[in-house]
Amino acid sequence: MLIPFSMKNCFQLLCNYKVPAAGFKNKVKSGLIFQSVSSDIYQNLAVEDWIHDHVNLEGKPVLFLWRNSPSVVIGRHQNPWQECNLNLMREKKVEKLARRRSGGGTVYHDMGNINLTFFTTKKKVRQNAESKKLVVRALNAVQPQLDIQATKRCDLLLDGQFKISGTASKIGRTTAYHHCTLLCSTDRTSLSSLLKSPYQGIRSNATASIPSIVKNLWKKDPTLTCEVLMNAIAAEYAAYHQIDNHINLINPTDETLFPGINTKARELQTWEWIYGKTPKFSINTSFNVLYEQSHLEIKIFIDIKDGRIEICNIEAPDHWLPLEICDKLNSSFIGSKFCPNEITMLTNILHRTCPEDDELHNRWNILCEKIKGIM
């Protein structure tokens, strides 16, 4: 049953929560099931952060159901250049790249993918496996013929080979959560193309995703819609925890329910969080340019720390691009963000500070476009 989580519902539950200043207070008297009315990845991730930071979950579980418009979500310790095709994301206008606060690998979200977040206390964090069993029971309750098994990593496999769900977790001082995806009717073409990095020569100690063969549940049974599955999981969760089977609809932007949540959402959208939190990495690559009917090799070595260029070494034949020009490029890039817009801006500035030389500027542009191609 869906219940709008209005102020009336809020007052009924005020005694159940513990948060600073306003909103919910004290402890949860009974577990709760939330469903977001938003499809914005940053707003929904902010709900996870808010509940984790402010709700006392001692013996009182919370399930959060949410879906997002097309977006790519990387783990806390991952490298976006290593995990996804950023250029293709820009071309396809999949503009939302998010870094979550939990570990794990990179995932593609759209409205055909269900996200489930299970909140608990740190002492009960090992219940990850129990939550997966709960999801399996819910799926089998809807379609008993489904062959679904949980792996040691708590992924879910369909027919023993197709991954339909992955998991990740965050453990705090007193509270914890683990969340998982559930592929219902996701755009598999976008999933496979966007989660394939074209960038060569990256060296990084960032957590790497493990590729898997995936399948949508609706391919097995067209009646397995997102709505049907979310209701089934909510019902199984309520039965397992002996709580009311009520799905409370929440608006992640409502400051009266979640004081300070919009600040959390804004932080998740910043360049400093999405790209700046990338573990230090380097790129060592090369490409060829055509010059007087022969190919010349251009070598590029870049160190990136906190998302900014720390060391830049571009090597080009002196007769194609003079050494002083290469040195000027190298020094100008240091300290700049490792992103195409920043390189374009720097290139335009350098054009204005250099003597007019159309051929030299053309080579300069070729070089900068190649550099932007690895960003």
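Values in this document were obtained by computation on a predicted structure and should not be read as measured data. (Residues numbered from 1 in each chain as written. Predicted model: local features only at pLDDT ≥ 70, side-chain atom pairs only at ≥ 80, totals over all residues. Heavy atoms only, no water.)

**Some points on the pairing of strand 14 (residues 247–250)**
Covered by surrounding structure in strand 14 are Ile247 and Leu249 together with Asn248 and Ile250, the residues of both alternating faces. Pairing of strand 2 (residues 32–36) with strand 14, which is carried by four bridges, proceeds in the parallel orientation. The residue bridging Gln35 from the neighbouring strand is Leu249, located in strand 14. (Buried < 20%, exposed > 50% of the residue type's maximum accessible area, 1.4 Å probe, protein only. Helix = DSSP H or I, 4+ residues; strand = E, 2+ residues; numbered from the N terminus. Pairing = 2+ DSSP bridges.)

**Digging into the environment of Phe119**
Here Phe119 is to be found in strand 7 (residues 113–121). Beyond its immediate sequence surroundings of up to four residues, Phe119 is in contact with Glu48, Ile51, His52, Leu57, Pro61, Val62, Phe64, Ala176 and Tyr177. (Contact = heavy atoms within 4.5 Å.)

**Examining the nonpolar core**
Core analysis: the biggest nonpolar cluster contains 75 residues, and Trp81, Leu97, Leu321, Phe333 and Phe338 have the highest contact counts within it. In terms of residue count, helix 2 (residues 41–54) provides more of this core than any other element does, seven residues in total. Setting aside residues no more than four positions away along its own chain, Leu321 makes contact with Ala316, Cys326, Leu329, Leu360, Arg363 and Leu367. Within the second largest apolar cluster, 32 residues are counted, among which are Ile33, Val135, Ala138 and Cys180. (Core = buried A, V, L, I, M, F, W, Y, C linked by side-chain atoms within 4.5 Å.)

**Digging into the sheet that holds strand 17 (residues 308–315)**
Strand order in the open sheet formed by four strands is 13-15-16-17, and the pairing between neighbours is antiparallel. Each edge of the open sheet is held by one strand with a lone partner, namely strand 13 (202–204) and strand 17. Taking each pair of neighbouring strands and ignoring which way they run, the sheet shows an average axis angle of 15°. Sheet analysis places strand 16 (residues 294–305) next to strand 17, joined by seven bridges and oriented antiparallel. (Axes fitted to C-alpha atoms, helices over the stretch in contact; angles between N-to-C directions.)

**Brief notes about the packing of helix 2 against helix 9 (residues 261–269)**
Helix 9 packs onto helix 2 with a crossing angle of 125° between their chain directions and a minimal axis gap of 8 Å. Classified by the angle their axes make, helix 2 and helix 9 are oblique. Here the hand of the crossing between helix 2 and helix 9 comes out right-handed. Between helix 2 and helix 9, the residues in contact are Tyr42, Gln43, Leu45, Ala46, Val47, Asp49, Trp50, Asp53 and His54 and Ile261, Lys264, Ala265, Leu268 and Gln269, respectively. (Parallel < 35°, antiparallel > 145°, perpendicular 65-115°, else oblique. Left-handed = near helix turned anticlockwise from the far one by under 90°.)

**A few points about the packing of aromatic side chains**
Scanning the entire structure with this criterion turns up nine aromatic pairs. Ring centres 5.0 Å apart and planes at 80° place the aromatic pair Trp50 and Phe258 in the edge-to-face group. Linking Trp50 in helix 2 with Phe258 in the loop between strand 14 and helix 9, this pair joins segments that are 208 residues apart in sequence. Counting every residue linked through ring pairs, the aromatic cluster contains Trp81, Trp271, Tyr275, Phe281 and Phe338. The ring of Trp273 carries the charged tip of Arg101 above its face, separated from the ring centre by 4.4 Å. In this structure, Lys337 is placed above the aromatic ring of Trp271, and the distance from its NZ or CZ to the ring centre is 4.8 Å. (Phe/Tyr/Trp six-rings, centres within 6.5 Å; stacked < 30°, edge-to-face > 60°. Lys NZ or Arg CZ within 6 Å of the ring centre and 35° of its normal.)

**Focus: helix 8 (residues 226–241)**
When the terminal C-alpha atoms of helix 8 are compared, their 22 Å separation across 16 residues agrees well with the 22 Å that a helix rising 1.5 Å per residue should span. Residues Cys226, Leu229, Met230, Ala232, Ile233, Ala234, Glu236, Tyr237 and Ala238 constitute the buried set of helix 8. Positive backbone phi, approximately 55°, marks Gln242, located one or two places after helix 8. (Expected span 1.5 Å × (residues − 1).)

**Things to note about the packing of helix 11 (residues 323–333) against helix 13 (residues 358–372)**
With their axes 12 Å apart at the nearest point, helix 11 and helix 13 run at an angle of 40° to one another. Of the possible angle classes, the one that applies to helix 11 and helix 13 is oblique. When you trace helix 11 past helix 13, the crossing you get is right-handed. Where helix 11 abuts helix 13, its residues Ile325, Leu329 and Phe333 lie against Leu360, Trp364, Leu367, Cys368 and Ile371. A class-by-class count of the residues in the contact of helix 11 with helix 13 yields eight nonpolar, no polar and no charged. (Nonpolar A, V, L, I, M, F, W, Y, C, P; charged D, E, K, R; others polar.)

**Thoughts on helix 11**
Restricting attention to buried positions, one finds in helix 11 the residues Ile325, Cys326, Leu329, Asn330, Ser332 and Phe333. Within two residues after helix 11, Gly335 carries a phi angle of roughly 90°, on the positive side.

**Looking at the sheet that holds strand 9 (residues 156–158)**
Backbone hydrogen bonds are what pair the strands of a sheet, in a parallel or an antiparallel way. The antiparallel open sheet is built from three strands, whose spatial order is 8-9-10. Both outer strands of the open sheet, strand 8 (148–150) and strand 10 (162–165), are each paired with one neighbouring strand and no more. Ignoring which end each strand starts from, the neighbouring axes of this sheet average 35° apart. Direction of pairing for strand 8 relative to strand 9: antiparallel, over a ladder of three bridges. Bridge pairing in strand 9 places Ala150 opposite Leu156.

**Observations regarding the pattern of salt bridges**
Counting across every chain of the model gives 11 salt bridges. Where Asp53 meets Lys264, a salt bridge forms, and the shortest distance between an N and an O atom there is 2.6 Å. You can see Asp53 sitting in helix 2 and its partner Lys264 sitting in helix 9, a full 211 residues away along the chain. Judged by its relative accessible area of 44%, Asp53 falls in the partly exposed class. With a closest N to O distance of 2.6 Å, Arg153 and Asp155 form a salt bridge. Residue Arg153 is classed as exposed on the basis of its relative accessible area of 53%. One network of salt bridges, with partners in common, ties together Arg153, Asp155 and Lys163. (Salt bridge = Lys/Arg side-chain N within 4 Å of Asp/Glu carboxyl O.)

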